[in-house]
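Working through the structure, step by step
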Amino acid sequence: MTDDVGCIIIWATAKHMKVPYRLVVVYKKTLPSGLSDFSPAHTVGQERHKLSISTPKMAVSPVLPALLLILVFFDAQVHTHAQCVDAELARAARACSRRLSLGQRQCRLFPTPERSIIRSLRPGDFRLSQLRKGVFLYDNSFYTSLILKMDRRLALLDIPESISLDGPDGNRTSFASAAEQVLNGTIPKRIDIVYSHGHFDHIGGTTRFVAYMEERYPSASIFIWGTSTARVLIENSVTKRAIFPNVIVGRRGRTLSLGEGLDVRMQIVGGHTASDLALYIPRFRDEPSILMHVDVVFPNWAPPFNLAVTEDVGGYVRVHEELLKFDFDIFISGHWSVGDRKSVEMNHGYSKDLVQAAITALDEVTIEDFNEAGFGRFIDPTAREFGNVLYAFVSVSRRVQIEACYRIIIDKWGCRLPGLDLVGRGHCFTALTYVEIEY
Ligand SMILES: [Zn+2]
């Protein structure tokens, strides 16, 4: 990560003009003082900024008067990449922005910044690291979860699906091997399993894990904590890869105490499914506090697929506020890498901007844009596309709206969220649908 490199992309779009005017300034060390207000918190949405630069100290200051004229004249919108995470990524994002503004759709794959690289493991392997006394991070490159141990108590926060190792029975998953490492010879008297939510990619190792533990430690009592929504999801499943929760977490939340200051507070916050749990381990003495919430924030990365397959975009955006109410040092997202408060704040800023980008796209795309994209063939009796409503809806109108939204978020976030080049259009599709039918 390079903290000392950033970029500001300033673009001016005149109404009825096809190509935005664009000036890219690469700066070192700090933002010029006159632009310091344009932090992500102040650039949420597509609100129009009248540029007011008081005392800019930029190497390119001679161009500013001309720039000011252009911006004021063309009712300018100003966007910044105030927190580009990597110079190479910033260059790729700028190049992509230029191509998109010229109407091209393809950009070169963006580079992966050093801090975002996921060190892949062979199938069945895992990494185990201690976060604080009694709390261990399980990480198999794609999934993360927590294993807690205090005296003869063992607790698992999610049990991701994982393949069998070459153990004597098929129930032994790589997660069971990780739990054995944490136990380090201790015979557990009680095992608690907590489901962050009801999706099997995060809890689908449970049935096999419990079968293994019951056989290996028959005297241990096993409790499974989860919401009634998770219970319904499991009940309705065909494969039953997870076991029904027998301790239901309701709206008032619950706390699991393992002793010696190690508690797990459970609170329904939603954001991904209707009743996702925030799992909070409060600070104890000088041990760090940990917040686990799965499938919304993806530290150092853009969320995958259509906004991580959220069921509720409004809930997705709002849940960040709930998460930020917790006082936490470490953030466990269920995937890829460990984050912190900044990871949540950044994804919050992005998700709000995404919705605003969808609103702007719907607002600014015109009939002329649709015609240019080929709408005429839908109403031309001689054309192959004649009468094909899905062509008109998917290949013309939605595509044009997605491209407009995608240009905005690549401009603003392409150099901050690795992978946005691959998933941004999917995010825009989800946000456009949300704005159209629920906003
Ligand atoms: Zn999920």
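Taking an unreviewed UniProt entry as the reference, the protein is identified by name as Metallo-beta-lactamase domain-containing protein belonging to Chondrus crispus.

1. Quick word on the overall build of the protein
The secondary structure content of the protein amounts to 11 helices and 15 strands. Each of the 439 residues in the protein was classed as buried or not, and the buried ones make up 41%. Residue pairs in contact within the protein that sit at least 24 positions apart in sequence constitute 67% of those at least 6 positions apart.

2. Topic: unusual backbone geometry
With a phi close to 55 degrees, Asp151 is a non-glycine residue in the positive phi region. Looking at the secondary structure, you find Asp151 in the loop between strand 6 (144-150) and strand 7 (153-157).

3. Structural notes on the environment of Asp125
By secondary structure assignment, the location of Asp125 is in the loop between helix 2 (87-101) and strand 4 (127-132). Sequence-wise, Asp125 and Phe175 are 50 residues apart; in three dimensions their C-alpha atoms are separated by 9.3 Å.

4. Observations regarding the sheet that holds strand 8 (residues 190-194)
If you walk across this open sheet you meet the seven strands as 4-5-6-7-8-9-10, and the pairing is mixed. Edge positions in the sheet fall to strand 4 and strand 10 (247-248), since each of these pairs with one other strand and no more. Note that strand 4 and strand 5 (residues 135-139) share five bridges and pair antiparallel. Among the inter-strand pairings, Leu128 is bridged to a residue of strand 5, identified as Tyr138.

5. Concerning the packing of helix 2 against helix 10 (residues 389-413)
Where helix 2 contacts helix 10, the axes come no closer than 9 Å and their chain directions differ by 155 degrees. Relative to helix 10, the element helix 2 is oriented roughly antiparallel. The chirality of how helix 2 crosses helix 10 is left-handed. Residue-level contacts link Ala93, Cys96, Ser97, Leu100 and Ser101 of helix 2 to Arg407, Ile410 and Asp411 of helix 10. Its residues assigned to classes, the contact of helix 2 with helix 10 shows four nonpolar, two polar and two charged.

6. Section: helix 5 (residues 206-216)
All of the buried residues in helix 5 are Thr206, Arg208, Phe209, Val210, Tyr212 and Met213. Along its buried surface, helix 5 packs onto helix 3 (174-183), strand 8, helix 4 (200-203) and strand 9 (221-226).

7. Considerations on the sheet that holds strand 12 (residues 262-268)
With mixed pairing, the five strands of this open sheet are ordered in space as 11-12-13-14-15. This sheet does not close on itself; its edge strands, each paired only once, are strand 11 (254-259) and strand 15 (330-332). Recorded for the sheet is a direction-independent mean angle of 15 degrees between the axes of neighbouring strands. As judged from the three bridges shared by strand 14 (residues 290-292) and strand 15, these two strands associate in the parallel manner. Residue pairing for strand 15: Met292 is matched across the bridge by Ile332.

8. Re the environment of Phe209
Looking at the element boundaries, Phe209 is found in helix 5. Taking the C-alpha atoms as reference points, Phe209 and Glu161, separated by 48 residues in sequence, lie 9.5 Å from one another. Those residues in contact with Phe209, other than ones at most four positions away along the chain, are Ile159, Thr173, Phe175 and Ala176.

What counts, and at which threshold
Residues numbered from 1 in each chain as written. Predicted model: local features only at pLDDT ≥ 70, side-chain atom pairs only at ≥ 80, totals over all residues. Helix = DSSP H or I, 4+ residues; strand = E, 2+ residues; numbered from the N terminus. Buried ≥ 20, exposed ≤ 12 C-beta atoms within 10 Å, placed from the backbone. Contact = placed C-beta atoms within 7 Å. Pairing = 2+ DSSP bridges. Axes fitted to C-alpha atoms, helices over the stretch in contact; angles between N-to-C directions. Parallel < 35°, antiparallel > 145°, perpendicular 65-115°, else oblique. Left-handed = near helix turned anticlockwise from the far one by under 90°. Nonpolar A, V, L, I, M, F, W, Y, C, P; charged D, E, K, R; others polar.

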